[in-house]
Amino acid sequence: MSVLRPLDKLPGLNTATILLVGTEDALLQQLADSMLKEDCASELKVHLAKSLPLPSSVNRPRIDLIVFVVNLHSKYSLQNTEESLRHVDASFFLGKVCFLATGGGRLSGHHGAAPGTRAADLRWPRAWCLSSEPAVPAEKL
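Now for a look at the structure at hand. These numbers were taken from a predicted model, which means no experiment stands behind them. (Residues numbered from 1 in each chain as written. Predicted model: local features only at pLDDT ≥ 70, side-chain atom pairs only at ≥ 80, totals over all residues. Heavy atoms only, no water.)

Next up on the list: helix α2 (residues 75-85). Among the residues of α2, those classed as buried are Ser 77, Leu 78, Asn 80, Thr 81 and Ser 84. Angularly, the buried residues of α2 cover 160 degrees about the axis, an arc narrow enough to put them on a single face. The inward-facing, buried residues of α2 abut β1 (15-21), β3 (65-71) and β4 (97-102). (Buried < 20%, exposed > 50% of the residue type's maximum accessible area, 1.4 Å probe, protein only. Helix = DSSP H or I, 4+ residues; strand = E, 2+ residues; numbered from the N terminus. Arc of directions from axis to C-beta. Contact = heavy atoms within 4.5 Å.)

What follows is the structure, encoded as structure tokens:
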């Protein structure tokens, strides 16, 4: 178990490896499947993980992008992301890490306090839901 560093391994020729990290297996698998369906000039590999650190392995490919999937309705999801971030080298944050927030469309349809957990309750510094419509239609995920 070690810290992920962006330049630990040499890049593969015409290959990109994406690591999806999140607590919702079905959502991660659905997202991975939709990414792999897209026509791409390069070979795309998608790996799934519930959390970091990853087990130490000499066979692990170089990771080009880490996507943390956070459910805005789950404190466990945020805690899992916070704990996983400790295992990512700071240099990864220069264009090699992104955060995908899910569940936001359900928050914005309410005026006032939404039932259940709100983004503000999850200690996000600024959480805005700009539209009641999801950014990506569910059919495309």
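Don't stop here, the text continues.
This next bit is on the nonpolar core. In this structure, Leu 4, Leu 19, Val 21, Ala 49, Leu 52, Leu 54, Ile 63, Ile 66, Phe 68, Val 88, Phe 92 and Val 97 together form the largest nonpolar core, which totals 12 residues. Put simply, the parts of the chain that give this core at least two residues each are β1 and β3. Non-local contacts of Ile 66, meaning those with residues more than four positions away in its chain, are made with Leu 4, Leu 19, Val 21, Val 88, Phe 92, Lys 96, Val 97 and Cys 98. One finds Leu 20, Ala 32, Val 46 and Val 69 within the second-largest nonpolar core, a separate group that totals 9 residues. (Core = buried A, V, L, I, M, F, W, Y, C linked by side-chain atoms within 4.5 Å.)

Turning next to the environment of Asn 80. Residue position: Asn 80 is located in helix α2. What makes Asn 80 buried here is its relative accessible area of 7%. The spacing of Asn 80 and Thr 23 is 57 residues in sequence and 7.5 Å in space, taken between C-alpha atoms. Apart from the residues lying within four places of it in its own chain, the contact partners of Asn 80 are Gly 22, Thr 23, Lys 50 and Ser 51. A distance of 2.7 Å separates a polar atom in the side chain of Asn 80 from the backbone oxygen of Lys 50. (Polar contact = N/O pair within 3.5 Å; in protein donor to acceptor, adjacent residues only side chain to side chain.)

Across the junction of Leu 52 and Pro 53, the peptide omega takes the value 15 degrees, indicating a cis bond. Along the chain, Pro 53 falls in the loop between β2 (43-49) and β3. For Asn 14, which is not glycine, the phi torsion reads 55 degrees and is therefore positive. Its location among the elements puts Asn 14 in the segment before β1.

Quick look at the pairing of β2 now. In the sheet, β1 pairs with β2 via 7 bridges, with the strands oriented parallel. Among the inter-strand pairings, Val 21 is bridged to a residue of β2, identified as Ala 49. (Pairing = 2+ DSSP bridges.)

Moving on, we get to the environment of Leu 20. As for its position among the elements, Leu 20 is in strand β1. The spatial distance from the C-alpha of Leu 20 to the C-alpha of Ile 66 is 6.1 Å, given a sequence separation of 46 residues. Excluding residues that lie within four positions of it along the chain, Leu 20 makes contacts with Leu 28, Leu 31, Ala 32, Met 35, Val 46, His 47, Leu 48, Ala 49 and Val 67.

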